[in-house]
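Read off the chains here:
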Amino acid sequence: ILGGSSAGPHQRPYMASLQVDGQHVCGGLLIAEQWVLSAAHCMEDMKGKAFQVLLGAHSLSQPEPHKRLYAVRAAVRHPGSNTETNDDDLLLLQVSEKATLSEHVKILPFQRQDVDVPPGTLCEAAGWGFTSHSGRKPDVLQQVERPVKSREECNKRPYHDNTITDKMLCTDSRKKDTCKGDSGGPLICNGVAEGVVTAGARVCGNFKKPGIYTRIAAYVDWIDGVMAAAGE
Ligand SMILES: NCc1cccc(Nc2n[nH]c3ncnc(Nc4cccc(O)c4)c23)c1
């Protein structure tokens, strides 16, 4: 997160950190007791290694009583996701057992009504991604408030030039923005998860490349279907 601030400890108890060999790779959000929603592109960063899901964390390094690392029982990428585009950039992770819910670990409701968030709505992104262009990594969860940018505007040059589909939304990216490591994390508007961070052009903090998010409401049937079909 560029231009943001540290979240209060456990103020965002739905935040997940996807980790390989103890290193943060991507964000995620807890959407059910045994399910974390993230971005399909995050699987590319795993380099085929096993990865875990950290829940209940504020600091990535410090021992915290409610921090717990879960093994992944199943990783389901959206069938439409691919390495070339931002389309359908969603990943559902079934963790090895139901998460122990508490003040520090909570489920975040997601938008089920497939209606665009009005442009100008102030939303929040959070993550443990880069906090500077030089690639500085934060220890504690960062957050930033961003206004939604209309799809019409976001699809113009010099912005994203007609690559933003109805299943995506944009936020202004001038100075304050998501960056490497924030992929997979939530965009929260009025307390409800509306989007999942996708890397898009991978540019951070440049107003010419607004932040791009996958609109969760456009994937409710897929999400419900995967969770229903999976076993224990
Ligand atoms: N703001 C959109 C967004 C959301 C999520 C991830 C991303 N960026 C990235 N995703 N993956 C990446 N691999 C390498 N570099 C990357 N961005 C980068 C790194 C250092 C300085 C800088 O200006 C930009 C990214 C960009």
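What counts and how
- Residues numbered from 1 in each chain as written.
- Predicted model: local features only at pLDDT ≥ 70, side-chain atom pairs only at ≥ 80, totals over all residues.
- Heavy atoms only, no water.
- Salt bridge = Lys/Arg side-chain N within 4 Å of Asp/Glu carboxyl O.
- Helix = DSSP H or I, 4+ residues; strand = E, 2+ residues; numbered from the N terminus.
- Buried < 20%, exposed > 50% of the residue type's maximum accessible area, 1.4 Å probe, protein only.
- Near = heavy atom within 4 Å.
- Polar contact = N/O pair within 3.5 Å; in protein donor to acceptor, adjacent residues only side chain to side chain.
- Areas by Shrake-Rupley, 256 points an atom, 1.4 Å probe, with all protein chains shown as cover.
- Nonpolar A, V, L, I, M, F, W, Y, C, P; charged D, E, K, R; others polar.
- Disulfide = S-S within 2.5 Å.
- Phe/Tyr/Trp six-rings, centres within 6.5 Å; stacked < 30°, edge-to-face > 60°.
- Lys NZ or Arg CZ within 6 Å of the ring centre and 35° of its normal.
- Pairing = 2+ DSSP bridges.
- Axes fitted to C-alpha atoms, helices over the stretch in contact; angles between N-to-C directions.

(A) Inspection of the pattern of salt bridges at higher detail. According to the stated counting rule, one finds 12 salt bridges in the structure shown. With a closest N to O distance of 3.3 Å, Asp-116 and Arg-215 form a salt bridge. One end of the pair, Asp-116, is in the loop between β7 (91–95) and β8 (122–127); the other, Arg-215, is in strand β13 (residues 211–215), with 99 residues separating them in the sequence. Exposure remark for Asp-116: the relative accessible area of 41% places this residue in the partly exposed category.

(B) Fine view of the site of the ligand. For the ligand, the set of nearby residues contains 13 residues, the closest of which are His-133, Asp-177, Thr-178, Arg-202 and Val-203. Between the ligand and His-133, the relevant distance is 2.8 Å, taken from an oxygen atom to a side-chain nitrogen or oxygen of the residue. Here a nitrogen atom of the ligand sits 2.8 Å away from a polar atom, N or O, in the main chain of Thr-178. Surface burial for the ligand is 80%, taken as the share of its 560 Å² of free accessible area covered by protein chains. Among the residues forming the shell around the ligand, the class breakdown is six nonpolar, four polar and three charged.

(C) Representation of the state of the cysteines in the model. Following the criterion strictly, the structure yields four disulfides and no others. Each sulfur in the disulfide pair Cys-154 and Cys-170 lies 2.0 Å from the other. One disulfide, between Cys-154 and Cys-170, carries an S-S torsion of -80 degrees and so falls in the left-handed class. On the criterion of sequence distance, the pair formed by Cys-154 in helix α1 (residues 151–154) and Cys-170 in strand β10 (residues 168–171) is long-range, its members being 16 residues apart. You can call Cys-170 buried: its relative accessible area is 1%. With a sulfur-sulfur separation of 2.1 Å, Cys-179 is cross-linked through a disulfide to Cys-204. As the torsion about the S-S bond is roughly 85 degrees, the Cys-179-Cys-204 disulfide counts as right-handed. Of this pair, Cys-179 sits in the loop between β10 and β11 (186–189) while Cys-204 is found in the loop between β12 (192–198) and β13, placing the two residues 25 residues apart along the sequence. For Cys-179, a relative accessible area of 10% gives the class buried.

(D) Highlighting unusual backbone geometry. Cis peptide bonds are those with omega within 30 degrees of zero, and the linkage from Arg-157 to Pro-158 qualifies with 5 degrees. Relative to the helices and strands, Pro-158 resides in the loop between α1 and β10. Its identity is not glycine, yet Lys-47 carries a phi of approximately 45 degrees, on the positive side. Lys-47 sits in the exposed class, given a relative accessible area of 69%. Even without being glycine, Arg-202 reaches a positive phi, approximately 70 degrees. In this structure, Arg-202 sits in the loop between β12 and β13.

(E) A look at the packing of aromatic side chains. Considering all chains together, one arrives at zero aromatic pairs under this definition. The ring of Tyr-159 has Lys-149 sitting right over it, with the charged end atom 4.2 Å from the ring centre.

(F) Region of interest: the sheet that holds strand β3 (residues 23–32). What the six strands build is a closed barrel, ordered β2-β3-β4-β7-β6-β5; its pairing is antiparallel. Neighbour to neighbour, the strand axes of the sheet diverge by 45 degrees on average, direction disregarded. Pairing geometry for strand β5 (residues 52–55) and strand β6 (residues 68–77), over four bridges, is antiparallel. Across the sheet, residue Leu-55 finds its bridge partner in β6, namely Arg-68.

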